[in-house]
Amino acid sequence: MAVDELQAIIQRCQILEEADFKGEDFNLFQVAGQKCLEDGYAAQLLEVIQNEKNKVIIKNMGWNLISPLVRCIFMYKQEDDKREHCLRILDQLAQLCNPKELFLGLLEQIEQTSGEQVCQTVMLLLQPLQTVLLKLQNKKAYSVGLSLAMIMNQLTPLPVPYTKQQIQEDKLGLCQCCNAVVDFAKPFVNEVVKNMEKSSEYNDMELKEELIKFCMQSLKYPLLAAQLEHLEGIEEHPFRHFATEITDILWNVGELIPLVFAHHKGKSPHWENQEFADMERKNSADSLACLSYLMFVQHFGVEFFPVVFSPSYLLLCNMTHIEVLLKRTEESVLSKGLDLFESCLLRMEDNSLLHHYLELRGFINVPQDLVKIMTLCPMEHMRKKSLNILQLFIDKFDVEGKYTLFRCLLKTSNHAGVEGYIIKNIKDQIHLALTKEYDNIWFTGHHLISLLDLVISLPEGAETDLLQNSDRIMASLNLLRYLVIKDCESDNQTGVWTTLGKIEQNFLKPLRVGLNMSKAHYEAEIKNKKENRKEAHSSNTVCSVTVSGEKMPAMTTGMQLQVLHSALFTFDLIESVLARVEELIEVKTKAVMDEN
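Residues numbered from 1 in each chain as written. Predicted model: local features only at pLDDT ≥ 70, side-chain atom pairs only at ≥ 80, totals over all residues. Heavy atoms only, no water.

**Quick word on the overall build of the protein chain**
Thought 1: A tally of helices and strands in the protein chain yields 25 helices and 2 strands.
Thought 2: Sorting the 596 residues of the protein chain into buried and exposed places 47% on the buried side.
Thought 3: Counting contacts in the protein chain only where the partners sit at least 6 residues apart, residues at least 24 apart contribute 75% of the total.
Thought 4: When the accessible surface of the protein chain is split by element, carbon and sulfur atoms take 51% of a total near 30600 Å². (Helix = DSSP H or I, 4+ residues; strand = E, 2+ residues; numbered from the N terminus. Buried < 20%, exposed > 50% of the residue type's maximum accessible area, 1.4 Å probe, protein only. Contact = heavy atoms within 4.5 Å. Areas by Shrake-Rupley, 256 points an atom, 1.4 Å probe, with all protein chains shown as cover.)

**Re unusual backbone geometry**
Thought 1: The linkage connecting Tyr221 with the following residue, Pro222, adopts the cis geometry, with an omega of 10 degrees.
Thought 2: Locating Pro222 in the fold gives a position in helix α12 (residues 202-223).
Thought 3: Not every positive phi belongs to a glycine, and Asp170 is a case in point at roughly 45 degrees.
Thought 4: Checked against the element boundaries, Asp170 lands in the loop between α10 (164-169) and α11 (174-198).

**Some remarks on the state of the cysteines**
Thought 1: Under the definition given, this model contains 0 disulfides.
Thought 2: Of all cysteine sulfurs in the structure, the one in Cys119 sits closest to Cys177, which takes part in no disulfide; the separation is 4.3 Å.
Thought 3: By relative accessible area, Cys177 is classed as buried at 0%. (Disulfide = S-S within 2.5 Å.)

**Looking at the packing of aromatic side chains**
Thought 1: Tallying each qualifying case throughout the model produces 16 aromatic pairs.
Thought 2: Ring centres 6.1 Å apart and planes at 25 degrees place the aromatic pair Phe261 and Tyr313 in the stacked group. Placement of Phe261 in the loop between α14 (256-260) and α15 (274-296) and of Tyr313 in helix α16 (residues 311-326) is noted, with a sequence separation of 52 residues between them.
Thought 3: By relative accessible area, which is 32% here, Tyr313 ends up partly exposed.
Thought 4: Arranged with centres 5.3 Å apart and planes meeting at 85 degrees, the rings of Phe296 and Phe305 form a pair that is edge-to-face. (Phe/Tyr/Trp six-rings, centres within 6.5 Å; stacked < 30°, edge-to-face > 60°.)

**Some remarks on the pattern of salt bridges**
Thought 1: Enumeration according to the criterion identifies 24 salt bridges in this entry.
Thought 2: Ionic pairing is found between Glu245 and Lys186, a salt bridge with its closest N-O pair at 3.4 Å. Placement of Glu245 in helix α13 (residues 238-252) and of Lys186 in helix α11 is noted, with a sequence separation of 59 residues between them.
Thought 3: Take Lys186: its relative accessible area is 31%, and that puts it in the partly exposed class.
Thought 4: For the salt bridge of Arg361 with Glu323, the shortest nitrogen-to-oxygen distance reads 3.8 Å. Highlighted residues: Arg361 in helix α18 (residues 361-376) and Glu323 in helix α16, separated in sequence by 38 residues.
Thought 5: Note on Arg361: relative accessible area 61%, which makes it exposed.
Thought 6: Relative accessible area serves as the criterion here: at 8%, Glu323 is assigned to the buried category.
Thought 7: Shared partners join several salt bridges into a network, and the residues in it are Arg512, Lys519, Asp572, Glu575 and Glu582. (Salt bridge = Lys/Arg side-chain N within 4 Å of Asp/Glu carboxyl O.)

**What about a nonpolar patch on the surface?**
Thought 1: Together, Val308, Phe309 and Tyr313 give the surface a local cluster of nonpolar side chains, amounting to about 270 Å² of exposed area.
Thought 2: Relative to the elements of secondary structure, Val308 occurs in the loop between α15 and α16.
Thought 3: In this structure Val308 comes out as exposed when scored by relative accessible area, which is 65%. (Patch = residues over 30% accessible without salt bridge, like charges linked within 9 Å, V, L, I, M, F, W, Y side chains within 5 Å.)

**Some thoughts on the environment of Leu480**
Thought 1: Tracing the backbone through its elements, the reader meets Leu480 in helix α23 (residues 470-486).
Thought 2: Taking relative accessible area as the criterion, Leu480 reaches 0% and is therefore assigned buried.
Thought 3: Taking the C-alpha atoms as reference points, Leu480 and Lys427, 53 residues apart in sequence, are found 9.1 Å from one another.
Thought 4: Once residues within four sequence positions are removed from consideration, Leu480 is found in contact with Ile456, Val496, Ile503, Leu508 and Val581.

**As for the nonpolar core**
Thought 1: Core analysis: the largest hydrophobic core is formed by 183 residues, its most contacted members being Leu155, Phe214, Leu315, Phe341, Ile426, Leu477 and Leu511.
Thought 2: Apart from the residues lying within four places of it in its own chain, the contact partners of Phe214 are Leu148, Met152, Val181, Val182, Ala185, Ile246 and Ile249. (Core = buried A, V, L, I, M, F, W, Y, C linked by side-chain atoms within 4.5 Å.)

**Details of the environment of Leu466**
Thought 1: Relative to the helices and strands, Leu466 resides in the loop between α22 (445-455) and α23.
Thought 2: As a C-alpha pair, Leu466 and Phe571 span 105 residues in sequence and 7.8 Å in three-dimensional space.

**Focus: the confidence of the model for the protein chain**
Thought 1: In this model, the protein chain carries an average pLDDT of 86, and 87% of its residues clear a pLDDT of 70 or more.
Thought 2: Across residues 264-271 the pLDDT falls below 50, and counting only partners more than four positions away or on other chains, this stretch makes 9 contacts in the model. (pLDDT = per-residue confidence, 0-100.)

**Observations concerning the environment of Gln429**
Thought 1: Structurally, the position occupied by Gln429 is in helix α21 (residues 416-435).
Thought 2: On the basis of relative accessibility, which here comes to 10%, the residue Gln429 falls in the buried class.
Thought 3: With residues near it in sequence (within four places) discarded, Gln429 still touches Lys402, Phe406 and Phe443.

**Examining α11**
Thought 1: With 25 residues, α11 extends 37 Å between its outermost C-alpha atoms, agreeing within 8% with the 36 Å of an ideal straight helix rising 1.5 Å per residue.
Thought 2: A maximum bend of about 35 degrees is found in α11 at Lys186, where proline Pro187 lies one to four positions downstream. (Expected span 1.5 Å × (residues − 1). Bend = angle between axes of the 7 residues up to and from the residue.)

**Concerning α21**
Thought 1: For α21, built from 20 residues, the straight-helix expectation of 28 Å at 1.5 Å per residue is met to within 8% by its first-to-last C-alpha distance of 29 Å.
Thought 2: Every buried residue of α21 is listed here: Ala416, Val418, Glu419, Gly420, Ile422, Ile423, Asn425, Ile426, Gln429, Ile430, Ala433 and Leu434.
Thought 3: Check the buried side of α21 and you find it contacts α18, α19 (380-396), α20 (399-412), α22 and α23.

**A closer look at the packing of helix α8 (residues 118-135) against helix α9 (residues 140-155)**
For any two helices packed against each other, one specifies the inter-axial angle together with the distance between the axes.
Thought 1: Remark: α8 packs on α9, axes separated minimally by 11 Å, with the N-to-C direction vectors making an angle of 175 degrees. The pairing of α8 with α9 is recorded here as roughly antiparallel in orientation. Residues Val118, Cys119, Val122, Leu126, Leu129, Leu133 and Leu134 of α8 pack against Lys140, Ser143, Val144, Ser147, Ile151, Gln154 and Leu155 of α9.
Thought 2: Within the contact of α8 with α9, the residues separate by chemical class into 10 nonpolar, 3 polar and 1 charged. (Axes fitted to C-alpha atoms, helices over the stretch in contact; angles between N-to-C directions. Parallel < 35°, antiparallel > 145°, perpendicular 65-115°, else oblique. Nonpolar A, V, L, I, M, F, W, Y, C, P; charged D, E, K, R; others polar.)

As structure tokens, this is what we get:
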């Protein structure tokens, strides 16, 4: 019998002094105890552990039972008495065992767990682990830090529930586990706060730093990937509760506001290995960006935030964080970047952001990141939101800032649709300059002429791909039409009449030649397709099309003809606006000559 074997070992060890315990005794105790658990004698094992005579034996050898104990707890059903006995054994071991030995045993058990049992194992062992850590005298801060890091490292591979249904189901128990880990850390937070009120001893600073590391890790995972909006039907959102607890810890240890303004220039460990240094910097950047999102978008900890900073300064502080988030492709992270940017911009008045800010790297990089999202992101709602935020960003700058930003985006966007959008914005600014009473030197005169050189041009002259650049060309033609109608040659406020000869030579004439060539080419293609279709046995003849090295779905001849006719329609549209512009120029020029 397993119980008899255990009793025999216990009786043998009872007569020995603590220093006389041998390795063999430890092994025999572990095997006998494990057999008791596996054979269903948990109640008898509990009696042995609770016996006062066995206190010294359990103190030294009890930690060996952690692994089989955890296995048995998961083996028994929730309502089983044997499971209850196992849980009581675990509690007794936490009270009686050597803290250092049991600490290592508990950590080893957490480290060895994987898959669906990670959260269950962590939640089971948090209470005994906390009990043991509170007993430790030496290296307490290190042990707390090691425990938190081990737990978070085990949780990190798990997928973060994102949808309402996933959060409610909490299939792997991650939501519940994260909040249990925060409760586990609270006694150590209270200890730091109490000691901070007395003095700042070195050990207390160590414990504080370990808690800050835990908060930073929690910000990166799970909070950066989590859905943190209010969800209807979920009374207490687990991740919102977790976010509140993390920001509260940072506030209590006096680091919330310093971290919000850290700008990635805070203290970071020195690594000999550059790869480790880069990884540490990236992790820190992700965590700080998430913290800014929590405070400025979701308003966690905002009650602690001093209301003394200007909106432009807050935007400046957050620009690095916004850039970090917009570089990512995951919807959960990307949406946080867009929300943070939008939140900062909405605090500002239009035309209040000084052009000097564009000398800072972030203020140039972020709009370029927005352009990439607008043009490359597969999610339509993200593309639309990026466009709206880009417009908001443009609106906040003063006139010179808008002018500089337009020049930058025209040179860097490499996308006809975006260029067309910027040209439309330029037209709106020229309209304001012509209709308002005060002078606007940036969208009239020689500054505008310099900008028009960028705008009203064909990248490759008559050889330009008119179809690919149609958005930009149409916007340029509409701008030119507006300038010719709105600005009389006698006033020439915009300077367009001064540079008209150059525009005709470099834009209008090559465009006319390019249109004639393109239309002739596409009309010939349509004629060929129609003739080939007549010769073919069936109109369902297909061809394959390759775009950017990727094979697209096969197209029938009918589909190809549809595409070709669509291209011809675009050329006709461009040609009609071009004809109108040429007509207006001719009429205006003739009217001036007649007057003279």
